[in-house]
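Take a look at the letters that make up each chain.
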Amino acid sequence: MAFKLGPINFNAVAQGVGGLVFGNEDQSTADEDRHVERLLDRISNGVLADDRRAAMAELQSIVAESRSAQLAFGAMGFPVLLSVLKEERDDVEMARGALETLVSSLTPLGYTHGLRNEVQPALMNSDLLSRESESISLLLSLLSEDDFYIRYYTLQTLTALLTNSPNRLQEAILATPRGITRLMDMLMDREVLRNEALLLLTYLTREAEEIQKIVVFEGAFEKIFSIIKEEGGSEGGVVVQDCLELLNNLIRNSVPNQILLRETVGFESLISILKLRKGNAYNFTQQKTVNLLSALGTIELLLVGSPENDPGKDANRRSNQTVLAQKKILDSLLMLGVEGRWTPVMVRCSALRCVGDLVARHPQNIDFLTSKMLGEEHHVKPALNAILSILLQTPSLQERIAAEYVIKCFCERNPEGQMMLASTMTPQPLSSSRATLADDIHLPFGSLLLHGLVLRDNEYDLETCCRAASVLSHILKDNLQCKERVLRIELEDPAPSLVSSEPLMHRIVKYLALAASTKTKEQDPQTHAQTSYIQPAILRLMITWLGDCPNAVDTFLSSPAHLPYLIELILNSNSSPHTKGLAAILLGECVVFNKSMEDGRDAFMVVDAISQKIGLTAYFMKVEELQRTNVFVSSISGPSTRRPLLRSTTEATEVGDMQGQDEGEKHEHVFLVSLFDGAFVEFIKSLEVRIREGVVEIFSHPKKKVAAVPSDLEQQQGEGDRDYITRLKDFIEKQCLEMQDLLGRNAGLAEDLAQTRGEGAITDISAYGGRERVHSEPLHRELHEAQQRIETLKSEKAKVEADSSKSLQMAKKLELDLKSLSDAYNSLEQANFRLESEVKVLRVGGGIGDLEAAKAEVRAEVERETEAELNDLLVCLGQEQSKVERLGSRLMELGEDVDSLLEGIGDESGLAEEGESED
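Residues numbered from 1 in each chain as written. Predicted model: local features only at pLDDT ≥ 70, side-chain atom pairs only at ≥ 80, totals over all residues. Heavy atoms only, no water.

A.B. asks: Residue-level account of the overall build of the protein chain, with values.
C.D. replies: What the protein chain contains, in helices and strands, is 47 helices and 4 strands. Split into buried and exposed, the 919 residues of the protein chain put 47% on the buried side. Looking at the protein chain alone, contacts between residues at least 24 apart form 72% of all its contacts between residues at least 6 apart. Counting only carbon and sulfur atoms, one obtains 52% of the accessible surface of the protein chain, whose full area is about 46700 Å². (Helix = DSSP H or I, 4+ residues; strand = E, 2+ residues; numbered from the N terminus. Buried < 20%, exposed > 50% of the residue type's maximum accessible area, 1.4 Å probe, protein only. Contact = heavy atoms within 4.5 Å. Areas by Shrake-Rupley, 256 points an atom, 1.4 Å probe, with all protein chains shown as cover.)

Structural data, given as structure tokens:
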């Protein structure tokens, strides 16, 4: 086999780069290079077998200990060792030594404190070896050898190559006949070889779809579950984690592979991993935790399905949900996520997310969860109540979000389930005055939710109220009947007053104001970060409640204090952009969904308040600031997928991290990410459009307080002239007051529009000024962005022109240097011609031998002097020429005439070409 090293002299590269990388150790590096070269020569050309084996052992030792030896070996040694593996495979000791040396040359020895961009010999050697596909084919053929160590070192060599050069190795393995088959056969070999082959296949199948198909075709599913069973399931070691990682690689985003797994092997073996053994149920090591998380990750991949553009995604997902539920996976998930409070937090969160995915948009599984009861004997309670209790009481924010995800999936596209939960929302007292939510297990879901939503005993438990508000928003989402039902709930007033009860909505608005006052008094930054998301959570509930529900809007506006407080919240400089933006959306809903005709509650009053107290520009700016926040933008781009659990990410993880501690967690950001899910963000975006249209409609068709009916303007029968004149006078006065009100409103709009434009005079401002104002804002933003882009392009153009001028000057200089060199070379040629003439004369007179020697000496000296300088100038000229071409292309993109810039250079280059032709 011919091992192609290319035109580069790697021996010289090793010596030169070695001196650069390893500092001032030039002499020692050169000695090691010569030593490696001598050992390779003994291996290649040695006569005695023992001497060649000794040289191989010594070479392996020095390559395993010295980075400079690794670098020298990579430049010279691969052809020698690959020749040994090809032609002397029967000599087991030599083949072992060659493979072990290859492994040592591809294994990093640890990074020294040197240059940041220093050459790493292991990476260079991996790149060099993986370039030749025949070398990969040779290594794969060694897997059929009988010797254990030959197969073991071959697998280690392939793993090292895959770690450093994955793409090339994948292509070479696919191009090798039966390459994947040989690796799959290793899974049935001895334990050590099996583990190495499993690790190699795990790396190969992470992104290579073709390799995934071949591995599945070779019976990977049966072999994976056979190994997991042999290792002891979740109680096993890291091999179980590798098997599950390989399984996840095969089914991730692949509907055909998921169908094959479901219809051949089935899900029983996978579900059995989640079942805890009685003797070890309370014992959770770090590896057992990782194994359970990997198995739960597999369940999640089956329940989530494949990418959105896959036409069979929904059907495959529903089939997986149905089969998994039939195999009673819900019992195992609830045991891990709800009943087993001794399990690590990460496992509980992952199990709860799987429960949510299992019931999402699946009516039959929703019924399973509804009827599921947890606990024993007298402590039995519905599973949904247990999940709600976890949500309201857990100290872990991640577990709270996971529990809320279950209720969200339960309510999504399930109006019957939403109404069932809402119908149980009746105020009921706890069993005792000092009882907590955990003590009373007999309360229905809705009553338990109300107890969490309402503050008790003046403890101001706003955190629990915030959690309950998030749950209530899912119950009310897109369900008008639930909104009307909850709207009728009235609570007893805890403070003595004339009114014995108040609507639930009014109490929630009070808690919103209480959260603002608590936040301003809070001095601890960490506690402030943990409570600053309470207002956005309550505002999301109010936005969901008022959406498409005029009665809810009327109830909200029935309290005179609500509208001024909402305006104050928008104008409060201490509020976050999320709070201001959501408050502005809530205020806009009071315009869009307002059907009231009463003075003081109608949409005209709300729009007037926005115009006078906030200003339309400032109002819509709050909404735009909300949409520019990172959380909002990330929700638009799509939900973030959870990273797969890999061995590389868990090896360095401490056991304490596996317990899911929330210390140092960014509470506000984590919760806001879950708050602004995709559906809520789309709802806000559609609401903004409707709010703008509603404001324009109100200003375009103002409310007429005095209706002018022609019959009313005529004198009535029996009406005296004095009474008729008095009635007309009163009518005209009312009309004048209304006209003054409209003029004041239009004056405010004109002032607002003038502040927005900042240029030109405003004329002819009529009732249609609101429409112009609303539609002019996007145009001004686009104009500002276009101006910024123009300024950026101008600066780039100036920079490119400066670089082009500098490069042209350098090119001219190099061409002049080349011309002078050509002239010098011509003069040398003339001197040579003169010397040849003298030789001819001397041939006639004798002494031809001395002259021939002198001629050769002169010619060699001339060539040595000129060759190096000529080569250097040609390389520099080539580099500058490439720069000139790239700059010319860039100037053409910017609209410059490249030919005019290069005018005058062609003559000089022509002279240079003549000089080169004479050379």
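There's plenty left to go through after this.
A.B. asks: Residues and numbers for the packing of helix α35 (residues 603–614) against helix α41 (residues 678–700), please.
C.D. replies: In contact at an axis separation of 10 Å, α35 and α41 are set at 100° when each is read in the N-to-C sense. Taken together, the axes of α35 and α41 are roughly perpendicular relative to one another. Here A603, F604, V607 and S611 of α35 come into contact with α41, specifically with V695, I698 and F699. For the contact of α35 with α41, the residue count by class is 6 nonpolar, 1 polar and no charged. (Axes fitted to C-alpha atoms, helices over the stretch in contact; angles between N-to-C directions. Parallel < 35°, antiparallel > 145°, perpendicular 65-115°, else oblique. Nonpolar A, V, L, I, M, F, W, Y, C, P; charged D, E, K, R; others polar.)

A.B. asks: Can you tell me about a nonpolar patch on the surface, naming the residues and giving the values?
C.D. replies: Together, Y282, M335 and W342 give the surface a local cluster of nonpolar side chains, amounting to about 330 Å² of exposed area. Residue position: M335 is located in helix α20 (residues 329–339). According to the relative accessible area criterion, M335 is partly exposed, its value standing at 33%. (Patch = residues over 30% accessible without salt bridge, like charges linked within 9 Å, V, L, I, M, F, W, Y side chains within 5 Å. Salt bridge = Lys/Arg side-chain N within 4 Å of Asp/Glu carboxyl O.)

A.B. asks: Give me the packing of aromatic side chains: which residues, what numbers.
C.D. replies: Two numbers describe a pair of aromatic rings. These are the distance of the centres and the angle of the planes. Within this structure, the stated rule accounts for 8 aromatic pairs. An angle of 10° between the planes, with centres 6.0 Å apart, marks the rings of F148 and Y152 as stacked. Note that F148 and Y152 are positioned in helix α9 (residues 148–164) at a spacing of 4 residues, about one turn of the helix. An identical accessibility class is assigned to F148 and Y152; each is buried. Counting every residue linked through ring pairs, the aromatic cluster contains F148, Y149, Y152 and Y153. (Phe/Tyr/Trp six-rings, centres within 6.5 Å; stacked < 30°, edge-to-face > 60°.)

A.B. asks: Outline the packing of helix α36 (residues 616–627) against α41, listing residues and values.
C.D. replies: Here α36 crosses α41 at 170°, and the two axes come no closer than 11 Å. Regarding the angle of α36 to α41, the classification is roughly antiparallel. Between α36 and α41, the residues in contact are L616, Y619, F620, V623, E624, L626 and Q627 and I684, K685, E688, I691, R692, V695 and F699, respectively. Grouping the amino acids of the contact of α36 with α41 by side-chain chemistry returns 9 nonpolar, 1 polar and 4 charged.

A.B. asks: Can you lay out the pattern of salt bridges for me, pointing to particular residues and giving the numbers?
C.D. replies: By the definition in use, this model includes 32 salt bridges. For R34, the salt bridge is made with D31, and the minimal N-O distance between the two is 2.3 Å. Of this pair, R34 and D31 both sit in helix α2 (residues 26–45), 3 residues apart, which is roughly one turn of that helix. For R400, the salt bridge is made with E463, and the minimal N-O distance between the two is 3.3 Å. On the criterion of sequence distance, the pair formed by R400 in helix α24 (residues 397–411) and E463 in helix α27 (residues 462–476) is long-range, its members being 63 residues apart.

A.B. asks: Explain the side chain of H474 to me, and be specific about the residues and the numbers.
C.D. replies: On the secondary structure map, H474 appears in helix α27. Among all residues touching H474, those that are not within four sequence positions of it are E404, K408, C411, Q418 and R540.

A.B. asks: Tell me about the nonpolar core, and name the residues and values.
C.D. replies: With 214 residues, the main nonpolar core has L85, L472, W545, L546, F556, L587 and F676 as its most contacted residues. Sequence-distant contacts of W545, that is, excluding residues within four places in its chain, are made with L476, K483, V486, L487, L504, M505, I508 and A552. (Core = buried A, V, L, I, M, F, W, Y, C linked by side-chain atoms within 4.5 Å.)

A.B. asks: Talk me through the environment of L81; I want residue IDs and the actual numbers.
C.D. replies: Mapped onto the elements, L81 comes out in helix α5 (residues 78–87). For L81, a relative accessible area of 0% corresponds to the buried category. Measuring from C-alpha to C-alpha, the distance between L81 and T101 comes to 8.5 Å, with 20 residues separating the pair along the chain. Leaving out residues up to four positions away in the same chain, L81 has contacts with M56, F73, A98, T101 and L102.

A.B. asks: Pulling in residues and values, what's your account of α20?
C.D. replies: The α-helix winds at 3.6 residues per turn, so residues separated by three or four positions along the chain end up facing the same way. Most of α20 sits out of view: 8 of its 11 residues are buried. Of the residues making up α20, those classed as buried are I329, L330, S332, L333, L334, L336, G337 and V338.

A.B. asks: Provide a residue-level description of the state of the cysteines, including the pertinent values.
C.D. replies: Taken as a whole and judged by the stated rule, the model has 0 disulfides. Here C482 stays unpaired: no disulfide links it, and the sulfur of C411, its closest cysteine neighbor, is 8.2 Å away. Look at C482 and you get buried, because its relative accessible area is 0%. (Disulfide = S-S within 2.5 Å.)

A.B. asks: Can you explain the side chain of E399? Please cite residues and give values.
C.D. replies: Within the fold, E399 resides in helix α24. The class of E399 is buried, set by a relative accessible area of 1%. Discounting residues that sit within four places of it in the chain, E399 has contacts with G337, R341, R348, C349, L352, I390 and T394.

A.B. asks: Tell me what's going on with the confidence of the model for the protein chain, and back it up with residues and numbers.
C.D. replies: For the protein chain, the average pLDDT comes to 81, and 77% of its residues sit at 70 or higher. Under a pLDDT of 50 for its full length, residues 654–665 has, in the predicted model, 25 contacts with residues more than four places off or in other chains. A low-confidence stretch, residues 908–919 stays under pLDDT 50, and its non-local contacts, those more than four residues away or across chains, total 13 contacts. (pLDDT = per-residue confidence, 0-100.)

A.B. asks: For unusual backbone geometry, give the residues involved together with the corresponding values.
C.D. replies: The phi dihedral of R178 falls on the positive side, at around 60°, and the residue is not glycine. Relative to the assigned elements, R178 resides in the loop between α10 (166–175) and α11 (179–185). Here R413, not a glycine, exhibits a phi torsion of approximately 55°, which is positive. Relative to the helices and strands, R413 resides in the loop between α24 and α25 (415–423).

A.B. asks: Run through the environment of A824, naming residues and quoting values.
C.D. replies: Positionally, A824 belongs in helix α44 (residues 769–845). Judged by relative accessible area, which is 34%, A824 ranks as partly exposed. Measuring from C-alpha to C-alpha, the distance between A824 and T866 comes to 9.2 Å, with 42 residues separating the pair along the chain.

A.B. asks: Outline helix α18 (residues 286–304), listing residues and values.
C.D. replies: Here α18 is 19 residues long and its end C-alpha atoms lie 26 Å apart, about the 27 Å a rise of 1.5 Å per residue gives. The element α18 is extensively covered by neighbouring structure, given that 16 of its 19 residues are classed as buried. (Expected span 1.5 Å × (residues − 1).)

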